[in-house]
Amino acid sequence: MKQLRNGSIQSSVLITALVALALLEFSPAYATTETSPRERISFDDDWRFTKGEPEGISNKLAYGAIKDWVEATGAQFTTNASLLARPRPIGNPDGVEPACAQNSFDDTKWQRLNLPHDWGVEGPFKFEYPGDTGKLPWWGIAWYRKHFTVSDSDKGRQIYLDVDGAMAYATVWLNGKFVGGWPYGYASWRVDLTPYIHFGGENVVAIRLDNPPNSSRWYPGGGIYRNVWLVKTSPVHVGQWGTYITTPEATAKKASVRIQVTVANDSDRDATVNVKDEVFELRPDGKHGRAVATIGTDGVLISAGKSVTTRQQFDFFNPRLWSLRNPQRYVDVTSVTQDGRLTDVYETPFGVRTIEFNATNGFVLNGERVPLDGVCDHHDLGALGAALNTRALERQLQELQEMGCNAIRTSHNPPAPELLDLCDRLGMLVMDESFDCWRRSKTRNDYHLLFDDWHEKDWRAELRRDRNHPSIILWSIGNEISEQSSAAGHLIAGELTRIAHEEDPTRPTTAACNIVQSGYNGFEKEVDVFGYNYKPDQYARFHAANPTMALFGSETASCVSSRGIYLFPVSSNKAGGKGEFQMSSYDLYAPPWATPPDWEFAGQDRNRFVAGEFVWTGWDYLGEPTPFNSDLTNLLNVSDPAERARLQDELTRLGKIRSPSRSSYFGIIDLAGFKKDRFYLYQARWRPELRMAHILPHWNWPDRVGQVTPVHVYTSGDSAELFLNGKSLGRKQKGRYEYRLHWDDVIYQPGELNVVAYQNGKKWATDTVKTTGSAAKLTLKADRSRITADGRDLSFITATVMDANGLMVPTAKNHIHFEVEGPGEVVATDNGDATSFEPFQAPEHDAFNGLCLAIVRGEPGKAGTIKITAKSDGLNSASLSVHTRANN
């Protein structure tokens with residue numbers, strides 16, 4: 001193979017000798033006979049933390065003061081000549097040497113904790129805090145410190161710190177020396193620790209965060225809230241996110257695979273290396289399966305301090321395609337050798353599949369039309385806050401899949417890498433989003449302050465990090481960007497699309513557009529696929545104006561409801577349904593810009609070319625308690641407590657402070673993970689083959705005897721007959737563009753409601769709702785009775801308030817206390833009530849409409865049995881056991 005200095009090398013072969021290998025029976029997991037010089041070590045445990053800035057620093061470390069030092073980080077993600085030509089100033093910023101960044105600093109009184117960590121969710125909730133951001137104290141300055149050693153035998157290796165996400169304006173110090181930083185709180189990034197490491201001795205890394213108030217429209221969290229890694233490599237190694245694998249052809253008969261590998265030479269001398277790629281099937285347990293192909297490039301010359309990219313392609317027969325039904329993946333094992341010595345082994349999971357968007361058939365996966373039955377979700381995990389937990393994320397996705405959801409929009413920022421890994425593994429599609437604003441702000445301190453200096457780095461870093469995930473089908477350049485209507489905004493959109501095409505030409509770009517004119521003013525030409533937010537009435541017009549452009553609902557519905565709350569009389573006005581800071585769960589109500597779900601369904605069914613939708617939202621989230629979010633956040637700026645209380649009382653009297661709410665009402669699933677009625681409306685649409693029926697409301701209305709109490713039924717059937725105490729109330733048939741059945745004149749009598757649903761005249765499904773007795777006992781149910789004893793795996797335990805006959809009491813609000821025996825603890829509790837200010841960390845909580853949640857984890861390294869008991873005054877208690885197993 002021809003040598004090429006500081007450029008790229010290409011080769012293409014048809015794998016024939018290895019085709020037989022691809023047809024062999026499943027083989028044992030592949031294991032290299034050589035030990036990889038690369039180490040990727042979890043760096044999450046045993047940190048020290050304090051909130052606030054040490055004395056004597058003042059504003060010397062504010063971003064504006066040290067910007068020139070921070071901007072030197074991530075030079076590989078920019079083509080901006082002025083940034084590349086500007087070296088990082090020598091030494092620490094302006095000579096600042098903060099005491100808490102020094103090795104000698106005494107941090108023994110700081111809080112000891114493990115990452116990921118979100119200081120905001122620790123609370124407390126306060127009424128005067130902004131409702132839009134969860135009424136929690138997520139803003140401020142904080143420091144993290146970690147002591148660690150690096151062996152003397154590691155001399156000559158590269159040592160990196162990889163941070164998956166830190167909120168926000170992170171700066172890193174090692175052994176008292178400034179290393180680098182990254183301001184965007186949702187970005188993943190790396191700093192090189194090598195020049196500052198004490199080999200053979202103790203090291204102290206210190207990370208400062210500065211999370212500005214008024215920098216988010218929802219709860220962002222505060223802290224190093226995602227995972228952190230210590231990465232050790234040889235000087236010659238695969239670069240950061242240095243592989244890129246695509247499958248330009250993929251059918252059941254043959255696949256074409258392209259592999260691009262960027263090898264970095266961080267040594268002080270030129271290097272000649274061989275690059276080998278071995279591809280294996282990836283088993284569900286994450287281990288390697290049978291071999292598929294081996295391909296290599298020899299004699300690659302890399303100058304000192306430079307990188308070279310190799311490009312290779314091979315074909316193989318009878319691939320197992322990645323799909324929603326069978327999310328089969330492969331893994332590429334890249335080996336780099338120099339002078340016969342292995343210098344790096346780097347693994348890249350990927351999927352073999354094809355995607356396409358078109359103007360007539362929507363979204364096509366592997367040649368088959370797949371409607372996008374998707375949801376938007378923010379990044380918090382309810383009672384766990386923004387701190388990443390893989391099991392909690394998995395639970396969210398699994399409940400959404402039960403509903404029939406097949407796609408996630410990462411609103412409105414780069415997601416945690418673990419979310420993408422889970423979507424790859426579970427078979428879900430992803431719209432990977434980047435920004436909530438560009439140059440024009442939405443809040444005073446949001447990303448608009450960073451856009452000019454950082455958008456290229458943030459965007460390219462996101463694209464390179466994520467582009468090997470088969471689940472990703474769209475790159476979103478922004479959400480409801482104010483510049484949709486300006487010529488300058490069109491130029492920015494064009495730039496962001498160009499960058500996306502440079503980094504990954506295999507996927508289209510899109511933007512979530514909320515302005516009608518953006519579909520006709522030229523903005524639509526700057527993206528590949530157009531997304532409309534809340535515009536089902538525009539689908540036909542847009543298609544007529546842009547007949548060759550694919551279209552989808554990038555954000556839809558925004559129906560608001562509170563689980564188990566039903567308000568009367570039932571109004572068909574979408575602005576209705578409000579009462580005591582709760583929203584009626586008849587699923588008819590939405591903010592002025594939004595629609596009930598049925599309106600969006602009809603818009604898609606009338607316009608079959610629409611690729612599908614992303615509903616706002618799958619899960620409730622902290623913050624944005626629309627329509628109860630007008631709580632005047634300027635109270636935060638009143639320093640005198642007496643004056644703040646006086647002003648609060650006055651504003652309340654005037655009706656200008658309306659909300660005690662701390663979380664949203666938009667979710668199909670509530671903050672605790674309990675299904676709202678709307679879950680079944682979407683399930684009926686998205687899983688039409690599932691035999692299901694669901695009745696609402698509950699049937700405990702002692703004050704409504706003899707009054708009209710409408711009954712709605714969600715079913716995948718086409719008709720249904722409703723019975724009250726055995727008497728038929730009539731059979732109803734769904735009409736065209738009708739998605740629910742409703743009996744609006746039912747006179748309430750206690751007893752039993754029963755529905756029988758039909759499909760094509762045949763009995764399809766049933767549901768029953770009964771009037772219950774008073775609360776008598778508790779029951780407990782765990783989502784998993786066996787978990788890993790690693791301090792991270794979780795069991796989500798639902799406490800239900802029952803009557804004596806074992807029926808859930810749908811209005812119960814009993815206070816429940818959770819006790820734990822054995823090697824475990826309750827880490828959080830919740831009930832899904834958007835107005836609850838009870839601390840999430842307490843081992844007790846009120847039930848909300850019959851349900852309460854306790855989240856339990858095991859102690860690290862201690863296998864055994866955890867016994868959880870739930871108690872409530874006047875009720876029979878309940879217990880269950882969760883078994884923990886060692887982490888192998």
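These figures come from a predicted structure and were not determined experimentally.

Every regular strand shows the same layout, with side chains that alternate between the two sheet faces. By the bridge criterion, three bridges tie strand β42 (residues 815–821) to strand β44 (residues 844–846) in an arrangement that is antiparallel. Bridge assignment links Ile816 to a residue of β44, and that residue is His845. Bridge analysis of β42 against strand β46 (residues 864–871) gives five bridges, and the strand direction is antiparallel. When the sheet's bridge partners are listed, Phe818 is paired in β46 with Ala870.

Checked against the element boundaries, Arg704 lands in the loop between β32 (693–696) and β33 (711–715). For the buried Arg704, no salt bridge is present, and the opposite-charge side chain at shortest range is Asp703, 8.7 Å distant. Leaving out residues up to four positions away in the same chain, Arg704 has contacts with Phe568, Thr709 and Tyr748.

Now for the sheet that holds strand β6 (residues 158–163). In a beta sheet, neighbouring strands are held together by backbone hydrogen bonds and run either parallel or antiparallel to one another. With respect to topology, four strands assemble into an open sheet ordered β2-β11-β6-β9, the strand pairing being antiparallel. What marks the edges here is a single partner per strand, and that holds for β2 (39–42) and β9 (189–192). Put simply, the sheet's adjacent strands are angled 25° from each other on average, direction ignored. Where β2 lies against strand β11 (residues 228–233), four bridges are found, and the strand directions are antiparallel.

All right, on to the packing of aromatic side chains then. Within this structure, the stated rule accounts for 45 aromatic pairs. Seen in terms of ring centroids, Phe125 and Phe837 are 5.5 Å apart; in terms of plane orientation they differ by 25°. Their pairing is stacked. In this pair, Phe125 sits in the loop between β4 (111–113) and β5 (140–150) while Phe837 sits in the loop between β43 (824–830) and β44, placing the two residues 712 residues apart along the sequence. Judged by its relative accessible area of 10%, Phe125 falls in the buried class. Judged by centre distance (5.4 Å) and plane angle (75°), the rings of Phe628 and Tyr665 are edge-to-face. Pair noted here: Phe628 is in the loop between β31 (612–616) and α10 (641–653) and Tyr665 is in the loop between α10 and α11 (678–686), with a separation of 37 residues, a long-range link.

Moving on, we get to the packing of helix α4 (residues 390–403) against helix α5 (residues 417–426). Contact geometry for α4 and α5: axes closest at 10 Å, N-to-C directions at 40°. Of the possible angle classes, the one that applies to α4 and α5 is oblique. Both α4 and α5 take part in a crossing whose hand is right-handed. Across the interface between the two elements, Thr390, Leu393, Glu394, Leu397 and Gln401 of α4 pack against Glu418, Leu419, Leu422, Cys423, Arg425 and Leu426 of α5. For the contact of α4 with α5, the residue count by class is six nonpolar, two polar and three charged.

Formed by 190 residues in total, the largest nonpolar core has its most connected members in Leu161, Phe363 and Trp438. Here Leu161 is in contact with Phe43, Val172, Trp189, Arg190, Val191, Leu193, Val205, Ile207, Val228 and Trp229, once residues within four sequence places are set aside. Of all hydrophobic cores here, the second largest spans 27 residues; its members include Val308, Phe316, Phe350 and Val352.

Calculation rules
Residues numbered from 1 in each chain as written. Predicted model: local features only at pLDDT ≥ 70, side-chain atom pairs only at ≥ 80, totals over all residues. Heavy atoms only, no water. Pairing = 2+ DSSP bridges. Helix = DSSP H or I, 4+ residues; strand = E, 2+ residues; numbered from the N terminus. Buried < 20%, exposed > 50% of the residue type's maximum accessible area, 1.4 Å probe, protein only. Lys, Arg positive; Asp, Glu negative; His and termini not counted. Salt bridge = Lys/Arg side-chain N within 4 Å of Asp/Glu carboxyl O. Contact = heavy atoms within 4.5 Å. Axes fitted to C-alpha atoms, helices over the stretch in contact; angles between N-to-C directions. Phe/Tyr/Trp six-rings, centres within 6.5 Å; stacked < 30°, edge-to-face > 60°. Parallel < 35°, antiparallel > 145°, perpendicular 65-115°, else oblique. Left-handed = near helix turned anticlockwise from the far one by under 90°. Nonpolar A, V, L, I, M, F, W, Y, C, P; charged D, E, K, R; others polar. Core = buried A, V, L, I, M, F, W, Y, C linked by side-chain atoms within 4.5 Å.

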